[in-house]
Amino acid sequence: QVQLVESGGGLVQAGGSLRLSCAASGSTFSNYAMGWFRQAPGKEREFVAAIGSSGASTYYTDSVRGRFTISRDNAKNTVLLAMNSLEPEDTAVYNCAADLGGRGSSLPDNYEYWGQGTQVTVSP
């Protein structure tokens, strides 16, 4: 069993920055890949970024590449999502998720555990 708790969301103006954090507990954090997904009102859940178990491999959806950076600290059981140059289109609830298979996939079905989400709102 893995518990995930996100924090760091909030309201920011376009062009601003936020850093999301996801704290994990309940299993060996360094064994599994982590991902960030988001869901805007009326839209389907969307893959944002993923990172492999060691942190050596990272993956991004095209719309955030170059603006967002995913990282992890296995000593602190934490995964971060640094978001820069935010746009109103980035407004969504952001969830972190754990992939115990360590694949770092963009597919939500590959993730076994999910956090409750944190709201990010970007004003024009």
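**Q** An account of the state of the cysteines is needed here, citing residue identities and associated values.
**A** With the rule as written, the count across this model stands at one disulfide. The disulfide partner of Cys22 is Cys96, and the gap between their sulfur atoms is 2.0 Å. Between Cys22 and Cys96 the disulfide shows an S-S torsion of about 55°. By sign, it is right-handed. On the criterion of sequence distance, the pair formed by Cys22 in strand β3 (residues 18-25) and Cys96 in strand β9 (residues 92-99) is long-range, its members being 74 residues apart.

**Q** So what's going on with the packing of aromatic side chains? Which residues, and what values?
**A** What the rule picks out here adds up to five aromatic pairs. Plain terms: the ring middles of Phe37 and Tyr111 are 5.2 Å apart, the flat faces sit at 80° to each other, and that makes the pair edge-to-face. In this pair, Phe37 is assigned in strand β4 (residues 33-39) and Tyr111 in the loop between β9 and β10 (113-114), connecting sequence segments 74 residues apart. For Phe37, a relative accessible area of 0% gives the class buried.

How each quantity is defined
- The residue count restarts for each chain, going from 1 along the sequence in the order it is written.
- Owing to the predicted nature of the model, reporting of local features is limited to residues with pLDDT of at least 70; listing and counting of side-chain atom pairs is limited to 80 or more, with chain, interface and lining totals taken over all residues.
- Working from all heavy atoms in the structure, the side-chain values ignore hydrogens and water.
- Two cysteine sulfurs form what is called a disulfide whenever their separation falls within 2.5 Å.
- What counts as a helix is a DSSP run of H or I of at least four residues, what counts as a strand is a run of E of at least two, and both are numbered from the N terminus.
- Two aromatic rings, drawn from Phe, Tyr or Trp (for Trp, its six-membered ring), form a pair once their centres lie within 6.5 Å of each other, and the interplanar angle then sorts them: stacked below 30 degrees, edge-to-face above 60, tilted otherwise.
- Whether a residue is buried, partly exposed or exposed follows from its accessible area with a 1.4 Å probe, protein chains only, as a fraction of its type maximum: under 20%, in between, or over 50%, in that order.

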